[in-house]
Amino acid sequence: MKHITRLIMAVAALALVTSCSSFSDDTNPYEVSEAVKDMSGTWKLQTVTRNGIDITKSMDFTRFQLKLNADGSYNIMNYLPFVVSGEGKWSVNDPQHPMQLTFQENGAASPVSLGFSYPIVNGQRSLSITLSPGCRSNVYVYTLYREE
């Protein structure tokens, strides 16, 4: 009798294990893709640090503007040390998850790319760019906000 009970239990366990199917969600009607980040607009400096020290109040940075136009062109107003100085084209490495900004200055032999972050601060996107124009021992962080 013990053998029959064990046999029945083994068959029941085998039937239970083989009757289960794995979950497949190939037809998920709620699939969502990440939205494209709109980086275009007029960006103005909010803060500037050099080698970790806030130098925002050391000079008038408020007039600097980086205009990223929707057609892929850019221009800089009231130039400050930056990775490019003239007009040209801009692009990002991934429109949904941008992490690299590339500038191709008109007449330049090669483009310039730099990493950036694009956090939301106080309900608004900001653009934080780390660069070393000129002297590599000086690292600047430009934090910009989009002019409304």
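Predicted model only: the values in this text are computed from it and were never measured.

Enquirer: Give me the lowdown on the packing of aromatic side chains, citing residues and values where you can.
Expert: Each pair of aromatic rings is reported with the distance of its centres and the angle of its planes. With the rule as written, the count across this model stands at eight aromatic pairs. Ring plane angle 50 degrees and centroid distance 5.9 Å describe the contact between Phe 64 and Phe 82, whose orientation is recorded as tilted. You can see Phe 64 sitting in the loop between strand S2 (53–54) and strand S3 (65–68) and its partner Phe 82 sitting in the loop between strand S4 (73–77) and strand S5 (88–92), a full 18 residues away along the chain. An identical accessibility class is assigned to Phe 64 and Phe 82; each is buried. Between the aromatic rings of Phe 82 and Phe 103, the centroid separation amounts to 5.6 Å while the plane-to-plane angle is 75 degrees, which identifies the pairing as edge-to-face. Of this pair, Phe 82 sits in the loop between S4 and S5 while Phe 103 sits in strand S6 (residues 100–105), and the two are 21 residues apart along the sequence. Given a relative accessible area of 5%, Phe 82 falls into the buried group. A relative accessible area of 0% means that Phe 103 is categorised as buried. Aromatic ring contacts, followed pair by pair, group Phe 64, Tyr 74, Phe 82, Phe 103, Tyr 140 and Tyr 142 into a single cluster.

Conventions used here
- Per chain, residue numbering runs from 1 following the sequence as it is written.
- Local features in this predicted model are restricted to residues of pLDDT 70 or higher, and side-chain atom pairs are both shown and tallied only at a pLDDT of 80 or more, whereas totals for entire chains, interfaces and linings draw on every residue.
- The side-chain quantities take in all heavy atoms of the structure and omit both hydrogens and water.
- Pairing of aromatic rings covers Phe, Tyr and Trp, the last through its six-membered ring, and needs centres within 6.5 Å; plane angles under 30 degrees mean stacked, over 60 mean edge-to-face, and all others mean tilted.
- Only runs of H or I of at least four residues qualify as helices and only runs of E of at least two qualify as strands under DSSP, and these elements are numbered from the N terminus.
- Any residue under 20% of the maximum accessible area for its type is buried, any over 50% is exposed, and the rest in between are partly exposed; the area is computed with a 1.4 Å probe on protein chains only.

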